[in-house]
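Structural overview
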Amino acid sequence: MLKGSERRVSLKRKQGPLYQQIQKILKDRILHGVYPLGSIIPSEPQLEKEFGVSKMTVRGAVQELSREGYVQKKSGVGTIVMRNTSYQKLSKGKRFTELLVEEGHKLEKKLLASKLITNDDGSEEYDLCGPYCQRIERLYILNGQPYIHLIHFLTADALPDGDAKNIGDDIQSLYDSLEENDIVLENFKDRFFVEPAPPEVCNLLGLPPGTHVLKRLRNSYDGEGRLIEHSIGCYNTELHHYLVSYDT
């Protein structure tokens, strides 16, 4: 299991108060099973060392997690993970990653690239996103094995102030970042295919060339019906099947 004291995380003051950055990182680890339900998160001295901040900054982050119900501090024991699901609305259901964590899996995220790109007039990307969009490429690792390759295209409506401003390369949670900009996703349209993965995706997922994978195309819309995100996901379902859970 990844432990906070094993590496040093660099924070950027321009990304907001340090305690809030740490709180988001810790919450993201909880939601992805790095700190499982019922486990004890790293101690304050360990977190101070990992993030290079003061004790007060760490305590502020943990207090925010406690206020949101994710953790509870118990005297003589430590800070225990009490909840590992978010309040994020996702099409009347839970996030796929949350379902995996509930099953006891550990899911890590690796950011491969994040950049602003221009779209050629008349292209499919231009028709979907307009003249430019933010392209975010990620690799999800399930229990130590590459599992999902995801590319997100964020439209101009999703970018800060609606202009051509890059979202930070160290973004922890895409949906949290959208909410910080007062964007709430309300509707989702998914399409699924089974087809050979591109060579570069096979390489990233550790699959033989030409391997068939589950491919998911998703369009995400806000309450006004504006397209906010278009994503392309390739899932190695030989490693784990795709889960969907709906509220009744």
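This text follows the structure it describes.
A brief report on the enclosed structure follows. (Residues numbered from 1 in each chain as written. Predicted model: local features only at pLDDT ≥ 70, side-chain atom pairs only at ≥ 80, totals over all residues. Heavy atoms only, no water.)

**Considering helix α1 (residues 18–31)**
Spanning 14 residues, α1 covers 20 Å between terminal C-alpha atoms, matching the ideal 20 Å at 1.5 Å per step. In terms of burial, α1 is a largely internal element, 11 of the 14 residues being buried. Those residues of α1 that sit buried are L18, Q21, I22, Q23, I25, L26, K27, D28, R29, I30 and L31. Of the residues one or two after α1, G33 is the one with positive phi, at around 80°. (Helix = DSSP H or I, 4+ residues; strand = E, 2+ residues; numbered from the N terminus. Expected span 1.5 Å × (residues − 1). Buried < 20%, exposed > 50% of the residue type's maximum accessible area, 1.4 Å probe, protein only.)

**Comments concerning a negative patch on the surface**
A cluster of like negative charges, contributed by D120, D121, E124, E125 and D127, occupies part of the molecular surface. Tracing the backbone through its elements, the reader meets D120 in the loop between β3 (107–118) and α5 (124–129). (Patch = residues over 30% accessible without salt bridge, like charges linked within 9 Å, V, L, I, M, F, W, Y side chains within 5 Å. Areas by Shrake-Rupley, 256 points an atom, 1.4 Å probe, with all protein chains shown as cover. Salt bridge = Lys/Arg side-chain N within 4 Å of Asp/Glu carboxyl O. Lys, Arg positive; Asp, Glu negative; His and termini not counted. Charge placed at Lys NZ, Arg CZ, Asp CG, Glu CD.)

**A word on the pairing of strand β8 (residues 227–235)**
Of all 9 residues making up β8, 8 are buried, and the element is well covered by its neighbours. Here strand β7 (residues 212–222) folds back onto β8 in antiparallel fashion, the turn holding 4 residues, of which G225 has a positive phi close to 85°. (Pairing = 2+ DSSP bridges.)

**Digging into the nonpolar core**
Counting residues in each nonpolar core, the largest one holds 21 residues, and the members touching the most others are L11, I22, L26, Y35, F51 and V53. Looking at this core, the elements with two or more residues in it are α1, α2 (44–51) and α3 (55–67). Residue contributions to this core peak at 6 residues, all from α1. (Core = buried A, V, L, I, M, F, W, Y, C linked by side-chain atoms within 4.5 Å.)

**Some thoughts on unusual backbone geometry**
The backbone of N143 shows a phi angle near 50°, a positive value even though the residue is not glycine. Mapped onto the elements of the fold, N143 is located in the loop between β4 (132–142) and β5 (145–154). Looking at N143, the relative accessible area reads 43%, which means it is partly exposed.

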